[in-house]
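# Examining the three-dimensional arrangement
What follows is each chain in one-letter form.
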Amino acid sequence: MKAIVCVKQVPDTSGKVAVKADGTLDRASMATITNPDDLSALEAALRLKDATGCEVDVVTMGPPPAEGMLRECIARGADKAYLISGREFGGSDTFATSQIIAAGINKIGVEADDVIFCGRQAIDGDTAQVGPQIAEKLGLPQVSYVAEIQKDGNDLVVKRMLEDGFMMVKVQTPCLLTCIKELNEPRYMSVGGIFECYDNEKHPMTILDYPALKDDPLIEVDTIGLKGSPTNVFKSFTPPQKGAGMMLTSDAPAAELAGILAKKHII
Amino acid sequence: MAYDFRDIAAFKGVWVFCEQREGVLQNTDFELISEGRKLADELGCELAGIVLGNGISDETAKEVGGYGADKVIVCDSPLLEHYTTDAYAKVLCDKVREYKPEVFLIGATNIGRDLAPRMAARLHTGLTADATHLDIDTTKYVEFLKESSSLDLSKQKFDYEDRNLKMTRPAFGGHLMATIICPRFRPQMSTVRPGVMKKAEFNADKAAACVVERPAFELTEADIKTQVLSVEKAAKNMVDLIGADIIVSVGRGINKDVQKGIELAQQLADALGGGVVGSSRALVDAGLISADHQVGQTGKTVHPKIYVALGISGAIQHTAGMQDSETIIAINKNESAPIFGVADYGIVGDLFKVVPQLINEIKAAKAAK
């Protein structure tokens, strides 16, 4: 048994977000972080490792600097890392991305009782699509919005959140789970882990580039990258700033506001 | 004829996946049907809802007709009683291959967001996530850009003959809007944020006239690799933000006395005519209020008649979910808080002092009417 964790390096949209004049994101000026839900996915995998001693592999698709994030995952306790990186992959939408990552996971190899962990969604796109689409490409069952995981023989019993409650779902392995932050509290990097994370013998970092993946049966080379992706950005734009409202600055602003609301029949 | 996702001309009609929970159709279904009607009219084609479940009566199914559907397709089986990705994706993909709709909309609920990507991957087509605006007609799309973007349209060229579905959604936590198209493959799929599209008035005559189809489909237990052991409702009542006319939301500004802050918010909502308490993400993340209260990009999108923001700084993640409210009132200690940029009325002050005064003044103003 092993755990494969899909992680993504994202711009930190919780801080100041820089937008260029052409309406695209100025990524260069923004800090990058590991996507928060993905840290919960990694933690879930590490807990499985704590309980069973299984191997934990981390995989990402991104530009070469994403290697730093993978090293951090190793410092948290992961064993091996895979960086899917290639100019040909750039600009891929979720459909294209999931094909590429599925092909990468195919290279790693999915065995009988493996579990693939993804975060529910990434904070840059908020789509929540890539996890389920990887599962489809690999022909695996999926459960999304997972808030609890228990092992039950070769199956898993998971709590799947709904808006107004939850479902308890039993799922066969191998399978793919997408994790929400309520699942756990991600651990920090350990000192030993930080020392070890650049030790390539103990923790090999494999680069999977376009030549390495292009002949995989899960990839159609004409539906990847910016041009091949099924969806295209037709326009991107920033919302207009709303005109300034009225600030109530009298000595009795509450009375002033109540008066206006009554006069305008809002109350 | 073989199914070919590239054969654009072979696809006709707009479909809406209508989600039922415990046999009851959801509000989101009706919102999407209402929006689907608009798109079907722009395309000059038929609008159908598709419902999967167990024991779905004609009467229940025809409800979607009351919001504008010409037809409702029902796939009924004990294996479809509870949602499972495997069963629902199989039946829906098989029906899409059979009927070939050109547009397929799914509510961006926890279930819709699980189902839609799986289907799009299997059908070999694109999928837009959490759309908040949809257009076929380019003239209408340009009108929308005029109102909702800061683009200089005089420099833009548009193809007014274009019949692709233009799917607009927030990106990067609401900092950017992006319009997505899927020009080469069909169906054009999108999940749509609950609470955003306006529900049409229910029309009983149209509901009665709605055609119910129950086509044959193949599904066996062996197709389903997951098993639903139980479905549990949340123990407490969930707050209905989307249906509320009045929402008073609280943010980090109530930190000094959270319980009192929430109480004041509820009292203010009651004084304004009866409403519910919302919250910013900060309080939810800190575990001070449950996630069903959260308004914003990762919470709910709301457009009540009155929205009051108490001690909320107004990060764009929050304002993305409430800026279309009819009247926005903000109370914040910090006069440079960005929330004042979207508010119609602002008061700079300590909410623990201002809100009790405001409650009294509103009661007095109402009594004087």
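Rules used throughout
- Residues numbered from 1 in each chain as written.
- Chains lettered and ligands numbered in written order.
- Predicted model: local features only at pLDDT ≥ 70, side-chain atom pairs only at ≥ 80, totals over all residues.
- Heavy atoms only, no water.
- Helix = DSSP H or I, 4+ residues; strand = E, 2+ residues; numbered from the N terminus.
- Buried < 20%, exposed > 50% of the residue type's maximum accessible area, 1.4 Å probe, protein only.
- Contact = heavy atoms within 4.5 Å.
- Phe/Tyr/Trp six-rings, centres within 6.5 Å; stacked < 30°, edge-to-face > 60°.
- Lys NZ or Arg CZ within 6 Å of the ring centre and 35° of its normal.
- Pairing = 2+ DSSP bridges.
- Axes fitted to C-alpha atoms, helices over the stretch in contact; angles between N-to-C directions.
- Domains from an automatic or database assignment.
- Salt bridge = Lys/Arg side-chain N within 4 Å of Asp/Glu carboxyl O.
- Polar contact = N/O pair within 3.5 Å; in protein donor to acceptor, adjacent residues only side chain to side chain.
- Nonpolar A, V, L, I, M, F, W, Y, C, P; charged D, E, K, R; others polar.
- Disulfide = S-S within 2.5 Å.
- Buried area = accessible area lost by both parts, 1.4 Å probe.
- Lys, Arg positive; Asp, Glu negative; His and termini not counted.

### Some remarks on the overall build of chain A
The secondary structure content of chain A amounts to eight helices and 13 strands. Across its three principal directions, the C-alpha atoms of chain A cover 70 × 40 × 40 Å. When burial is assessed residue by residue, chain A has 54% of its 267 residues classed as buried. Restricting the contact set of chain A to residue pairs at least 6 apart, pairs at least 24 apart contribute 71%.

### With respect to the packing of aromatic side chains
Any two aromatic rings considered together are summarised by their centre-to-centre distance and by the angle between their planes. Tallying each qualifying case throughout the model produces 14 aromatic pairs over all chains. For the pair Phe237 of chain A and Phe144 of chain B, a centre-to-centre distance of 6.3 Å together with 75° between the ring planes defines the contact as edge-to-face. Residue Phe237 of chain A is located in strand β12 (residues 232–237), and its partner Phe144 of chain B is located in helix α5 (residues 138–148); the two belong to separate chains. Every member of this aromatic cluster is reached through a ring pair, and the members are Phe234 and Phe237 of chain A together with Tyr141, Phe144, Phe158 and Tyr160 of chain B. Looking at Lys159 of chain A, its charged tip hangs above the ring of Phe166 of chain A, at a distance of 4.4 Å from the centre.

### What about the sheet that holds strand β6 (residues 103–107) of chain B?
Residues and elements named next belong to chain B. Taken in spatial order, the seven strands of this open sheet run β7-β11-β6-β1-β4-β5-β12, and their pairing is parallel. Of all strands in the sheet, those bounded by a partner on one side alone are β7 (127–131) and β12 (211–213). For this sheet, the mean inter-axis angle between neighbouring strands, taken without regard to orientation, is 25°. Two strands pair when backbone bridges link them, and strand β1 (residues 14–18) and strand β4 (residues 47–53) are joined in this way by five bridges, in the parallel orientation.

### Let's talk about the pairing of β7 of chain B
All names here are of chain B. Burial analysis of β7 places five of its five residues in the buried class, which makes it a mostly covered element. In the sheet, β7 pairs with strand β11 (residues 188–192) via three bridges, with the strands oriented parallel. Paired with Thr128 across the strands is Ser190, a residue of β11.

### Some remarks on the domain arrangement of chain B
All names here are of chain B. By domain assignment, chain B separates into domain 1 (8–223) and domain 2 (246–368). Centre-to-centre, using C-alpha coordinates, domain 1 lies 33 Å away from domain 2. With nine residues of domain 1 at the interface, the matching set in domain 2 holds nine residues. Along the contact surface separating domain 1 from domain 2 lie zero salt bridges. Inspection of the region where domain 1 meets domain 2 yields four residue pairs in polar contact (both at pLDDT 80 or more). Tallied by class, residues from the side of domain 1 that touches domain 2 come to three nonpolar, four polar and two charged.

### Brief notes about the state of the cysteines
What makes a disulfide is a covalent bond joining the sulfur atoms belonging to two cysteines. Residue and element names in this part refer to chain A. Counted under the stated rule, the structure contains zero disulfides over all chains. Cysteine Cys73 remains unbridged, with the sulfur of Cys197 as its closest cysteine sulfur at 10 Å. By relative accessible area, Cys197 is classed as buried at 5%.

### Structural notes on the interface of chain B and chain A
Tallying the contact residues gives 87 residues for chain B and 80 residues for chain A. Where chain B abuts chain A, roughly 7,200 Å² becomes buried across the two surfaces, and 57% of that area is made up of carbon and sulfur atoms. Of all residues in chain B, the largest losses of buried area upon contact with chain A belong to Asn110, Phe172 and Tyr345 of chain B, amounting jointly to 10% of the total for that side. The interface formed by chain B and chain A includes seven salt bridges. The partner of Asp164 of chain A in a salt bridge is Lys233 of chain B, and the shortest N-O contact between them spans 2.8 Å. Taken together, the links from chain B to chain A amount to 38 residue pairs in polar contact (both at pLDDT 80 or more).

### Brief notes about the pairing of strand β1 (residues 2–6) of chain A
Residue and element names in this part refer to chain A. Taken across its five residues, β1 has five buried, putting it largely inside the fold. As paired strands, β1 and strand β4 (residues 55–61) are joined by five bridges and run parallel to one another. Bridge pairing in β4 places Val5 opposite Val58. In this sheet, strand β6 (residues 115–119) lies alongside β1 in parallel orientation, the contact comprising three bridges. If you follow Val5 over to β6, its bridge partner there is Phe117.

### A few points about the environment of Ile262 of chain B
All names here are of chain B. Mapping Ile262 onto the fold places it in helix α7 (residues 258–271). Taking C-alpha positions, Ile262 is 9.2 Å from Gly278, a pair spaced 16 residues apart along the chain. What Ile262 contacts, discounting residues up to four positions off in sequence, is Val250, Ile254, Val277, Leu288 and Ile289.

### Structural notes on the side chain of Arg169 of chain B
Residue and element names in this part refer to chain B. Take Arg169: it is sitting in strand β9 (residues 166–171). Comment: no salt bridge for buried Arg169; closest opposite-charge side chain is Asp130, at 4.8 Å. Here Ala129 takes part through its backbone oxygen, which lies 2.5 Å from a polar atom of the side chain of Arg169.

### A look at unusual backbone geometry
The peptide bond linking Thr173 of chain A to Pro174 of chain A adopts the cis configuration, its omega dihedral lying at 0°. Note on placement: Pro174 of chain A falls in the loop between β9 (165–172) and β10 (175–179). Notably, Asp126 of chain A is not glycine yet its phi reads approximately 55°, a positive angle. Looking at the secondary structure, you find Asp126 of chain A in the loop between β6 and α4 (130–138). Asp126 of chain A gets classed as buried once you look at its relative accessible area, which sits at 5%. At Asp130 of chain B, a residue that is not glycine, the phi angle is positive and equals roughly 55°. As for its placement among the helices and strands, Asp130 of chain B is situated in strand β7.

### With respect to the sheet that holds strand β16 (residues 306–310) of chain B
Through backbone hydrogen bonds, the strands of a sheet pair up, either in parallel or in antiparallel fashion. Spatially, the six strands line up as an open sheet ordered β13(A)-β18(B)-β17(B)-β16(B)-β14(B)-β15(B), and their pairing is parallel. In this open sheet, the two strands that pair with only one neighbour each are β13 (246–247) of chain A together with β15 (276–279) of chain B. Looking at chain direction, strand β17 (residues 327–332) of chain B and strand β18 (residues 345–348) of chain B are connected through four bridges and run parallel. Within the sheet, the bridge partner assigned to Ile329 of chain B lies in β18 of chain B and is Tyr345 of chain B. Each of β13 of chain A together with β17 and β18 of chain B is contacted by helix α8 (residues 253–263) of chain A, which is oriented at about 170° to β18 of chain B, the strand it contacts most. Strands β14 (246–250), β15 and β16 of chain B of the sheet are contacted by α7 of chain B, whose axis makes an angle of about 165° with β14 of chain B.

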